[in-house]
Amino acid sequence: MKSDYEIKSFNNKEEAEKLLKESRKRIDEIDNELFDLISQRTSLAKDIALSKEFIGMPIYDKSREEEIHNKIKRLSQENNLDVDIIDQIVNMLTILSKNEQKEILRRNVNGQY
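This report concerns the structure included in the present document. Please read all numbers here as calculations on a predicted model, not as lab measurements. In this convention, every chain numbers its residues from 1, walking through the sequence in written order. Side-chain atom pairs in this predicted model are given and counted only at pLDDT of 80 or more, local residue features only at pLDDT of at least 70, and totals for whole chains, interfaces and linings cover all residues. Heavy atoms throughout the structure, all of them, feed into the side-chain values; hydrogens and water do not.

### What to know about the pattern of salt bridges
By definition, a salt bridge exists where a carboxyl oxygen of Asp or Glu is found within 4 Å of a side-chain nitrogen of Lys or Arg. A complete count under the given rule lists 11 salt bridges for this structure. Among the salt bridges present, the one from Arg-26 reaches Glu-29, with a minimum N-O distance of 3.2 Å. Residue Arg-26 and its partner Glu-29 are both found in helix H1 (residues 13–43); the two are separated by three residues, about one turn of the helix. Burial classes follow relative accessibility: with a 1.4 Å probe on protein chains only, a residue under 20% of its type's maximum area counts as buried, one over 50% as exposed, and anything between as partly exposed. For Arg-26, a relative accessible area of 38% corresponds to the partly exposed category. On the basis of relative accessible area, Glu-29 is assigned to the partly exposed category, the value being 33%. A salt bridge links Glu-78 to Arg-74, with the shortest nitrogen-to-oxygen separation between them at 3.3 Å. Separated by four residues within a single helix, Glu-78 and Arg-74 lie in helix H3 (residues 62–78), roughly one turn from each other. Look at Glu-78 and you get partly exposed, because its relative accessible area is 36%. Its relative accessible area of 42% is what places Arg-74 among the partly exposed residues. Counting from the N terminus, the helices are DSSP H or I runs at least four residues long and the strands are E runs at least two residues long.

Written as structure tokens, this is what we have:
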């Protein structure tokens, strides 16, 4: 999703302050949406963990992680985003997912699922 952002010029301080306020409000809304998406992504860990356990797959799937990182690199480049920073964000998301999967499998072994 490429940005159609254009540099604004202002006629006065009030215009700049209004844009600042509106932009911050939208960032807050996006942060809430991101949190919801991260929660949804993490909630899929139960299905993934139980499926991997049944199939006999380990939690760490090197080929899947490479596939994700290749996709992220491509998308970052297409959208003029810093590849390294986006890669770090994705690393954190995969760590979150793997930790959740480990916890789910631990609970499953203990008879909580």
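### Section: a nonpolar patch on the surface
The patches described consist of residues with a relative accessible area above 30% and no salt bridge, like charges being joined within 9 Å and nonpolar side chains (Val, Leu, Ile, Met, Phe, Trp, Tyr) within 5 Å. We get accessible surface area from the Shrake-Rupley algorithm with a probe of 1.4 Å; when it comes to residues, only the shown protein chains can shield them. On the surface, Ile-30, Leu-34, Leu-37, Ile-38 and Leu-96 cluster together to form a nonpolar patch covering roughly 390 Å² of accessible area. A total of four residues in the nonpolar patch trace back to one element, the largest contributor, which is H1. With respect to the helices and strands, the residue Leu-34 is situated in helix H1.

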